[in-house]
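Remarks on the overall topology
Okay, here's what each chain looks like letter by letter:
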Amino acid sequence: MKKLTFLLGTLGGAMAGYVFSNKKLRTEMMDAKDSTEAAKILGKHLSTDGQVVAKEVRQLAEQHGLDDRIADGKSYVQDYYSSAKDEVQKFLGAKMKEAKRVVGNVRKSSHTVRKAAVKAKKS
């Protein structure tokens, strides 16, 4: 719940900063007759500014080779996952062998105890 309130606070702060920094938006919102019209004005500005921001982010990603870095990160994660999977399988295989050995010893012991009980009963 703390994360949600933090997120809402952050979004509210960002929205306030956006409104305060955009003079044209402020003047249009002051002239709005009701909250619905103000929301439409805000949506229109966010839409156009969002397109500009998206273009800038795309250019930034292309400049810094973000796609290549993501591909490298993906291959690293896949390699790490496969090696971890192999290690877990080795570990579990060893533990399964150990468990089978213990179960075999228990069976032998119970068989020996039964034999001894039968001998003791006969004598």
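The structure presented is a predicted model; accordingly, all values stated were derived computationally and were not measured. (Residues numbered from 1 in each chain as written. Predicted model: local features only at pLDDT ≥ 70, side-chain atom pairs only at ≥ 80, totals over all residues. Heavy atoms only, no water.)

**A few points about the overall build of the protein chain**
Which entries qualify depends on this criterion: Where helices and strands are cited, they refer to DSSP runs of H or I of at least four residues and of E of at least two residues respectively, numbered from the N terminus. Note on method: radius of gyration uses C-alpha positions; expected globular size equals 2.2 Å times residues raised to 0.38. Buried means the residue's accessible area, taken with a 1.4 Å probe over protein chains only, is under 20% of the maximum for its type, while exposed means over 50%, and partly exposed covers the values in between.
The secondary structure content of the protein chain amounts to four helices and zero strands. Its helices and strands in sequence order give the protein chain the pattern α-α-α-α, from N to C terminus. Whereas a compact globule of 123 residues would reach a radius of gyration of roughly 14 Å, the protein chain reaches 35 Å, over 25% beyond that. Viewed in the frame of its principal axes, the protein chain has a C-alpha envelope of about 110 × 40 × 15 Å. By residue count, 7% of the 123 residues in the protein chain fall in the buried class.

**Quick notes on the nonpolar core**
Proteins that are soluble and globular tend to have nonpolar side chains buried together. Note the cut-off: Working definition of a nonpolar core: buried Ala, Val, Leu, Ile, Met, Phe, Trp, Tyr and Cys residues. They are joined through side-chain atoms within 4.5 Å. Only heavy atoms matter for contacts: two residues are in contact if any of them lie within 4.5 Å across the pair.
Tyr18, Val19, Leu25, Ala32, Ala38, Ile41 and Leu42 together form the largest nonpolar core, which totals seven residues. Secondary-structure elements contributing two or more residues to this core are helix 1 (2-21) and helix 3 (35-63). It is helix 3 that provides the largest number of residues to this core, a total of three residues. Excluding residues within four positions of it along the chain, Ala38 makes contact with Met29 and Ala32.

**So, a negative patch on the surface**
To keep it simple, the criterion reads: Nonpolar side chains (Val, Leu, Ile, Met, Phe, Trp, Tyr) are joined into patches within 5 Å and like charges within 9 Å, using only residues with over 30% relative accessible area and no salt bridge. Note that accessible areas follow from Shrake-Rupley with a 1.4 Å probe, and for residues the cover is restricted to the protein chains shown. Within this document, salt bridges are pairs made up of a side-chain nitrogen of Lys or Arg and a carboxyl oxygen of Asp or Glu, the two lying within 4 Å of each other. In this tally, Asp and Glu contribute negative charge and Lys and Arg positive charge; neither His nor the terminal groups of the chain are included. Each charge is placed at NZ for Lys, CZ for Arg, CG for Asp and CD for Glu.
The grouping of Glu62, Asp67, Asp68 and Asp72 at the surface amounts to a negative patch. A total of three residues in the negative patch trace back to one element, the largest contributor, which is helix 4 (residues 66-122). Positionally, Asp72 belongs in helix 4. Classification of Asp72 by relative accessible area gives exposed; the value is 53%.

**Focus: the environment of Met15**
Topologically, Met15 is positioned in helix 1. On the basis of relative accessible area, Met15 is assigned to the partly exposed category, the value being 31%. For the pair Met15 and Lys115, spaced 100 residues apart in sequence, the C-alpha to C-alpha distance is 83 Å. Look past the residues within four positions of Met15 in its chain and what remains in contact with it is Leu42 and Leu46.

**Re a nonpolar patch on the surface**
On the surface, Tyr76, Val77 and Tyr80 cluster together into a nonpolar patch covering about 390 Å² of accessible area. Tracing the backbone shows Tyr76 in helix 4. Taking the relative accessible area as the measure of exposure, Tyr76 reaches 55% and is therefore exposed.

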